[in-house]
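Descriptive analysis of the structure
Now for the letters of each chain:
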Amino acid sequence: MEHEIAAKLVDVDKNFGLGNTFVKVLKKVNLEIHSGELTLLVGPSGCGKTTLLSVLAGILDTTDGEVNVFGTRVDKLSQAKKTSFRRKNIGFIFQQFNLLPTLTAADNVAIPLLISKVPYREALKKAKYYLEVVGLGDRVTFYPTQLSGGQQQRVAIARALVAEPKLIVCDEPTASLDGETGKIVMEMFRQTALKRDRAIVVVTHDNRIFEYGDRIAEMLDGRIVSIHENKNHK
Amino acid sequence: MLRIAFQMLVGDRAKYLTLISGLSFVTLLFVQQGSVFCGLMLRTAKPVEAIGAPIWVCDPTLQAIDDFKPLLDTDLTRIRSVDGVRWAVPLFMRQVQVRLNDGKFQTVRLIGLDNASLVGRPSQMLSGNTESLLLPDSVVIGKAEMERLNNPKVDDTFEINDKLARVVGIADVPRDFLSNPYVYTTYDRALQYSPRQRKQMSYVLVAPQPGLSSQQVVENIKKTTGLSAYTADDLRWLTIWYFMRNTGIPINIGISLLLVFVVGMAIAGQTFYAFALQNERYFGALKAMGTGNFTLVRMIMFQSLFVGVVGYGIGAGAACFIGWMGSGGREKLAFFTPEQLLFISFGVTIVICLLSSLVSIQRVIRLEPAVVFRG
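Each value, and the rule that gives it
- Residues numbered from 1 in each chain as written.
- Chains lettered and ligands numbered in written order.
- Predicted model: local features only at pLDDT ≥ 70, side-chain atom pairs only at ≥ 80, totals over all residues.
- Heavy atoms only, no water.
- Helix = DSSP H or I, 4+ residues; strand = E, 2+ residues; numbered from the N terminus.
- Buried < 20%, exposed > 50% of the residue type's maximum accessible area, 1.4 Å probe, protein only.
- Contact = heavy atoms within 4.5 Å.
- Areas by Shrake-Rupley, 256 points an atom, 1.4 Å probe, with all protein chains shown as cover.
- Domains from an automatic or database assignment.
- Salt bridge = Lys/Arg side-chain N within 4 Å of Asp/Glu carboxyl O.
- Polar contact = N/O pair within 3.5 Å; in protein donor to acceptor, adjacent residues only side chain to side chain.
- Nonpolar A, V, L, I, M, F, W, Y, C, P; charged D, E, K, R; others polar.
- Core = buried A, V, L, I, M, F, W, Y, C linked by side-chain atoms within 4.5 Å.
- Buried area = accessible area lost by both parts, 1.4 Å probe.
- Pairing = 2+ DSSP bridges.
- Axes fitted to C-alpha atoms, helices over the stretch in contact; angles between N-to-C directions.
- Phe/Tyr/Trp six-rings, centres within 6.5 Å; stacked < 30°, edge-to-face > 60°.
- Lys NZ or Arg CZ within 6 Å of the ring centre and 35° of its normal.

Comments concerning the overall build of chain B
In terms of regular secondary structure, chain B is built from 12 helices and 10 strands. Projecting the C-alpha coordinates of chain B onto the three principal axes gives extents of approximately 95 × 50 × 30 Å. Here chain B holds 375 residues, and 53% of them are scored as buried. Within chain B, residue pairs in contact and separated by at least 24 positions form 79% of the contacts whose partners lie at least 6 positions apart. If you sum the accessible surface of chain B, you get close to 16600 Å²; carbon and sulfur atoms cover 59% of it.

Topic: the domain arrangement of chain B
Buried accessible area, meaning the area lost when the parts come together, often serves as the stated size of an interface. All names here are of chain B. According to the domain assignment, chain B consists of domain 1 (2-44 + 248-373) and domain 2 (72-226). Summarising the inter-unit geometry, the C-alpha centres of domain 1 and domain 2 are found 49 Å apart. Each partner contributes residues to the interface: domain 1 has eight residues there, and domain 2 has nine residues. Along the contact surface separating domain 1 from domain 2 lie zero salt bridges. For the pair domain 1 and domain 2, the number of links is one residue pair in polar contact (both at pLDDT 80 or more). Of all the elements in the fold, those that place two or more residues in the side of domain 1 that touches domain 2 are α2 (13-44) and α11 (328-331). Residues belonging to the side of domain 1 that touches domain 2 are distributed by class as follows: two nonpolar, two polar and four charged.

Notes on the nonpolar core
Counting residues in each nonpolar core, the largest one holds 100 residues, and the members touching the most others are A:Phe92, A:Leu131, A:Val169 and A:Phe189. Per-element tally for this core: the top contributor is helix α3 (residues 105-115) of chain A, with eight residues. Contact partners of A:Phe92, with chain neighbours within four places excluded, come to A:Ala57, A:Ile59, A:Arg86, A:Ala156, A:Ala160, A:Val169, B:Ala288, B:Met289 and B:Phe373. One finds B:Val85, B:Leu149, B:Tyr187 and B:Ala229 within the second-largest nonpolar core, a separate group that totals 36 residues.

A short note on the interface of chain B and chain A
Facing 23 residues of chain B, the contacting portion of chain A comprises 28 residues. When the buried area of chain B at its contact with chain A is split by residue, B:Tyr282, B:Met289 and B:Phe373 rank highest and sum to 33% of it. Summed over the shared surface of chain B and chain A, the result is zero salt bridges. Where chain B packs against chain A, one counts six residue pairs in polar contact (both at pLDDT 80 or more). Elements represented by at least two residues in the side of chain B that touches chain A include exactly α1 (2-11) and α9 (280-288) of chain B. Per-element tally for the side of chain B that touches chain A: the top contributor is α9(B), with six residues. Split into classes, the residues belonging to the side of chain B that touches chain A amount to 12 nonpolar, six polar and five charged.

A closer look at the pairing of strand β8 (residues 182-186) of chain B
All names here are of chain B. Judged by how many residues are buried, β8 sits mostly within the fold: five of five residues are covered. Alignment of strand β3 (residues 105-113) against β8, held across five bridges, turns out to be parallel. Among the inter-strand pairings, Ile111 is bridged to a residue of β8, identified as Tyr184. By the bridge criterion, two bridges tie strand β5 (residues 138-142) to β8 in an arrangement that is antiparallel. What sits directly across from Ile141, in β8, is Val183.

Focus: the sheet that holds strand β1 (residues 5-16) of chain A
All names here are of chain A. Judged by pairing direction, the sheet is antiparallel, and its four strands sit side by side in the order β2-β1-β4-β5 without closing on themselves. Edge positions in the sheet fall to β2 (23-34) and β5 (72-73), since each of these pairs with one other strand and no more. Pairing between strand β4 (residues 64-69) and β5: two bridges, direction antiparallel. Paired with Asn68 across the bridge in β5 is Arg73.

Some points on the sheet that holds strand β9 (residues 215-220) of chain A
All names here are of chain A. The six strands are arranged β6-β7-β8-β3-β9-β10 in an open sheet whose pairing can be described as mixed. Where the open sheet ends on each side, the last strands, each with one partner, are β6 (90-93) and β10 (223-229). When the angles between neighbouring strand axes are averaged without regard to direction, this sheet yields 20°. The sheet contact formed by β6 and strand β7 (residues 167-171) spans four bridges and is parallel. If you follow Ile93 over to β7, its bridge partner there is Cys170. Relative to β6, helix α2 (residues 79-89) is tilted by about 80°, and along the sheet it contacts β6 and β7.

Details of the pairing of β9(A)
Residues and elements named next belong to chain A. Pairing geometry for strand β3 (residues 38-42) and β9, over four bridges, is parallel. Paired with Thr39 across the strands is Arg215, a residue of β9. Pairing between β9 and β10: six bridges, direction antiparallel. Note that in β10 the partner of Leu220 across the bridge is Arg223.

What about the packing of aromatic side chains?
How two aromatic rings sit relative to each other is set out by the distance from centre to centre and by the angle between their planes. Summed over all chains, the structure comprises 12 aromatic pairs over all chains. Consider the rings of A:Phe92 and A:Phe94, whose centres lie 5.9 Å apart with planes at 15°: the pair is stacked. No difference in accessibility class separates A:Phe92 from A:Phe94, as the two residues are buried. Judged by centre distance (4.8 Å) and plane angle (65°), the ring pair of B:Phe177 and B:Phe243 falls under edge-to-face. Of the two residues, B:Phe177 sits in the loop between β7 (163-171) and β8 while B:Phe243 sits in helix α7 (residues 232-246), which places them 66 residues apart along the sequence. By way of ring pairs, the aromatic residues B:Phe6, B:Tyr16, B:Phe302 and B:Phe306 are connected into one cluster. Taking the ring centre of A:Phe142 as reference, the NZ or CZ of A:Arg139 above it sits at 4.9 Å. The cationic tip of B:Arg3 hangs over the ring face of A:Tyr120; the distance from NZ or CZ to the ring centre is 3.6 Å.

If you want it as structure tokens, here you go:
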């Protein structure tokens with residue numbers, strides 16, 4: 001079954017620095033991200049995966065090229081509109097989890113809703129529901145330091161899901177986890193996050209989780225060098 | 001998001017307590033130094049309050065209550081004839097030396113009251129009575145600084161200018177700037193107690209006729225006699241400003257307050273900066289998730305205002321407590337905290353908080369949300 005195109009990058013360039021420090025990180029990148037699919041961006045360190053993810057999520061400006069996400073030219077938006085766009089459409093999962101250490105798991109999960117001005121009580125209720133979904137219903141009042149790495153990443157997943165975004169971007173979600181926990185988290189993530197109208201992009205160089213991707217885009221030296229479909233999920 | 005800001009703030013106990021204690025200390029110092037300044041300045045004009053006359057007439061060269069040129073005795077009758085003067089009585093006031101029974105000398109503020117009316121006598125007596133001043137050699141002493149006269153009781157004696165003085169009463173009199181004990185007696189006896197001079201009368205105390213304001217009568221006296229006249233309030237402020245201009249007190253206290261401000265800025269600024277630095281990752285994550293700069297600025301401002309208000313409350317409360325403790329024992333400590341000082345110190349604390357939070361605000365505004373993807 002064909003999936004809709006959620007995001008499309010056309011001839012995207014991204015440069016950093018000037019003079020001696022000038023570096024071209026993305027070189028004419030073209031990529032399509034499909035709804036209902038989990039796309040893996042893989043490649044060696046420094047090949048531009050995270051930069052491409054940042055450009056796609058609208059947290060980094062392009063030097064050249066088009067970034068089209070759900071029909072919106074993200075590269076053309078002002079900073080304020082990009083912020084608003086991210087709030088409404090994109091969920092984030094970070095390598096370091098970035099859970100606020102002074103907030104409980106439920107409060108951490110509620111953040112995207114609070115950013116969107118959802119009343120606290122309502123946000124907390126929904127946050128607790130998503131914590132149940134990721135299997136942490138009994139940990140709602142726990143602080144991040146009281147949770148294991150795998151549990152923290154599951155809280156981060158719940159946080160990414162709670163506002164029900166149409167695009168979720170993940171940066172090395174298993175890099176801070178051991179192999180077994182990484183697999184468990186990815187399994188759970190795929191089951192809970194993947195929907196027909198939602199696209200997921202995961203940056204990773206952890207080949208143990210390649211099996212969870214529907215499509216694997218391989219990058220090298222700032223370019224997409226190949227895109228494979230994972231037949232197991234088709 | 002203010003809830004999140006609050007939890008971020010109080011969740012980091014060490015920094016929160018550093019901020020609160022720093023700002024409390026700054027407020028404490030600010031209110032304490034300001035109160036000492038106000039207390040000292042008000043004490044300069046305490047004799048005006050202690051005498052309590054509505055109008056004071058003096059030589060035109062007067063600079064402050066204790067810096068006067070005496071008047072001629074004939075000036076009294078000239079003043080009495082001015083329109084609107086209800087009554088006018090002489091007042092003698094000078095610093096003289098008392099010889100105590102143990103042979104030591106002590107400077108006192110000798111106040112000679114009109115023989116007949118005793119206008120200017122203390123209003124509150126702790127023992128004895130002011131009418132006894134009409135008895136020979138009698139004096140009434142003020143309770144404040146009385147220990148310097150070896151805590152005399154009624155009927156105790158000492159010498160002033162080789163003449164006997166017998167204590168007939170102890171009055172509740174506030175301390176003044178010079179902190180010398182008050183000794184009240186009659187005008188004529190005060191002249192005997194002090195070395196003779198060509199002009200003796202320090203002031204003429206005047207009351208206006210009913211229906212006339214003190215200010216109107218002051219103008220009449222000035223116009224008619226060529227002397228200076230002040231309402232009690234004007235004389236108080238004249239004295240206070242004299243001390244402000246001619247002593248180093250305002251500069252010294254001002255320097256202290258400036259240092260307090262700088263120290264407050266340093267403590268709060270450094271802590272806020274460290275707070276912003278430590279939370280950069282989280283602010284970056286919030287930005288990535290769609291929190292606008294305005295919301296983040298509001299969060300930081302809320303945090304700074306919150307610690308400002310709490311720090312101010314603790315500091316101002318502690319300063320007032322210290323003032324209250326110190327003002328036991330008959331107000332030995334010069335300490336007065338007017339409402340205005342509390343408002344000003346609140347403003348200063350909030351300014352310190354807001355200015356020091358600017359450092360973290362500009363850091364957060366400049367923060368690239370992409371920072372969250374850097375391992």
